[in-house]
Amino acid sequence: MERKKYPVGDSMSTTTKTIRNPYKEIAQFKDGMFRFNFTESRNWLEDQGKQIFGKHFFIDPLDHPLIHDLLIYAIGDKETARRRNLDLNKGIMLSGPVGCGKTSIMMLIRYFFPPGKRYRIRSTRKISFEFENDGFKVIKRYAADSEVKNSNLRSPDYCFDDLGIEQVQKHFGNECDVMGEILLSRYDLFITDRVMTHITTNLSASEIEQRYGNRVRSRMRAMFNLFAFKKTSVDKRI
């Protein structure tokens with residue numbers, strides 16, 4: 001696995017524990033590119049996972065093919081991505097059963113992204129509670145250019161965690177499917193500015209359509225690569 005040279009600085013830690021840098025620790029720089037060995041990269045993820053989440057953290061061998069694809073996507077290995085039918089111009093939709101490790105993997109894998117593409121992670125449940133308190137400006141907070149107004153910066157990339165568990169909330173009696181509206185607006189940003197969105201979810205495609213409607217589902221097809229844990233993936237929180 002290989003990727004062109006990018007700055008290796010990182011200021012996106014969400015934990016007080018030290019975040020190590022895979023580009024400094026395990027990458028080999030050759031011919032103007034960072035090159036990664038899959039086994040070393042997987043071991044880095046597991047070691048960092050133990051540091052952040054505890055000694056119980058592990059990467060199941062059944063999940064190795066999925067982790068490999070996520071790493072290929074993260075480092076932007078165009079040739080391998082093409083062979084594995086991964087579109088680097090779309091985001092990640094990571095699905096799987098409860099407890100399979102979706103959130104922790106998305107927290108870890110982002111350190112293999114170039115700094116400008118290291119997404120922020122937000123819980124959909126917390127976003128729905130923000131709407132209850134703050135109203136419709138929450139949609140603009142996550143789906144418009146309000147953060148970067150009057151600047152040349154792009155809107156931030158986000159990973160919305162656990163899509164589908166959030167409740168439909170009311171603000172002063174006004175009911176809103178907050179995440180459905182955010183995804184529709186993020187689609188507009190994706191089309192106009194190539195702003196990336198990633199999600200994790202327990203829902204199947206049919207459940208997503210039932211929950212958010214066909215309009216949202218059709219746009220999600222355009223926005224995301226599907227990465228899926230096996231249905232038999234064990235609950236790693238046990």
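Right above here is the structure, for reference.
Residues numbered from 1 in each chain as written. Predicted model: local features only at pLDDT ≥ 70, side-chain atom pairs only at ≥ 80, totals over all residues. Heavy atoms only, no water.

Draft legend 1. Fine view of the overall build of the protein. Across its full length, the protein carries 10 helices and 10 strands. In the protein, once contacts between residues fewer than 6 apart in sequence are set aside, the share between residues at least 24 apart is 75%. Working note: accessible area of the protein is about 12500 Å², and carbon and sulfur atoms make up 48% of it. (Helix = DSSP H or I, 4+ residues; strand = E, 2+ residues; numbered from the N terminus. Contact = heavy atoms within 4.5 Å. Areas by Shrake-Rupley, 256 points an atom, 1.4 Å probe, with all protein chains shown as cover.)

Draft legend 2. Structural detail: the packing of helix α2 (residues 38-53) against helix α3 (residues 64-75). Where α2 contacts α3, the axes come no closer than 11 Å and their chain directions differ by 100°. Relative to α3, the element α2 is oriented roughly perpendicular. Judged by residue contacts, Phe38, Ser41, Arg42 and Leu45 of α2 engage His64, Ile67, His68 and Leu71 from α3. When its residues are assigned to classes, the contact of α2 with α3 shows four nonpolar, three polar and one charged. (Axes fitted to C-alpha atoms, helices over the stretch in contact; angles between N-to-C directions. Parallel < 35°, antiparallel > 145°, perpendicular 65-115°, else oblique. Nonpolar A, V, L, I, M, F, W, Y, C, P; charged D, E, K, R; others polar.)

Draft legend 3. Focus on the environment of Ile191. Inspection of the secondary structure assignment puts Ile191 in helix α8 (residues 178-193). For Ile191, a relative accessible area of 43% gives the class partly exposed. (Buried < 20%, exposed > 50% of the residue type's maximum accessible area, 1.4 Å probe, protein only.)

Draft legend 4. Molecular detail of the packing of aromatic side chains. For the structure shown, the criterion picks out 13 aromatic pairs. A ring pair is formed by Phe29 and Phe34, whose centres lie 5.0 Å apart and whose planes are at 55°; its orientation type is tilted. For Phe29, a relative accessible area of 44% translates into the label partly exposed. In this structure Phe34 comes out as buried when scored by relative accessible area, which is 8%. Between Phe113 and Tyr119, the ring centres sit 5.3 Å apart and the planes meet at 85°, which makes this aromatic pair edge-to-face. Members of the aromatic cluster, joined through ring pairs, are Tyr23, Phe29, Phe34, Phe36, Trp44 and Phe112. Of note, Arg194 hangs over the ring of Phe190, and the distance from its end group to the ring centre comes to 4.3 Å. One Lys or Arg, Arg219, reaches over the ring of Tyr187 and ends 5.3 Å from the middle of that ring. (Phe/Tyr/Trp six-rings, centres within 6.5 Å; stacked < 30°, edge-to-face > 60°. Lys NZ or Arg CZ within 6 Å of the ring centre and 35° of its normal.)

Draft legend 5. Fine view of the environment of Phe190. Tracing the backbone through its elements, the reader meets Phe190 in helix α8. Relative accessible area serves as the criterion here: at 4%, Phe190 is assigned to the buried category. Spatially, the C-alpha atoms of Phe190 and Lys90 are 8.7 Å apart, while their sequence positions differ by 100 residues.

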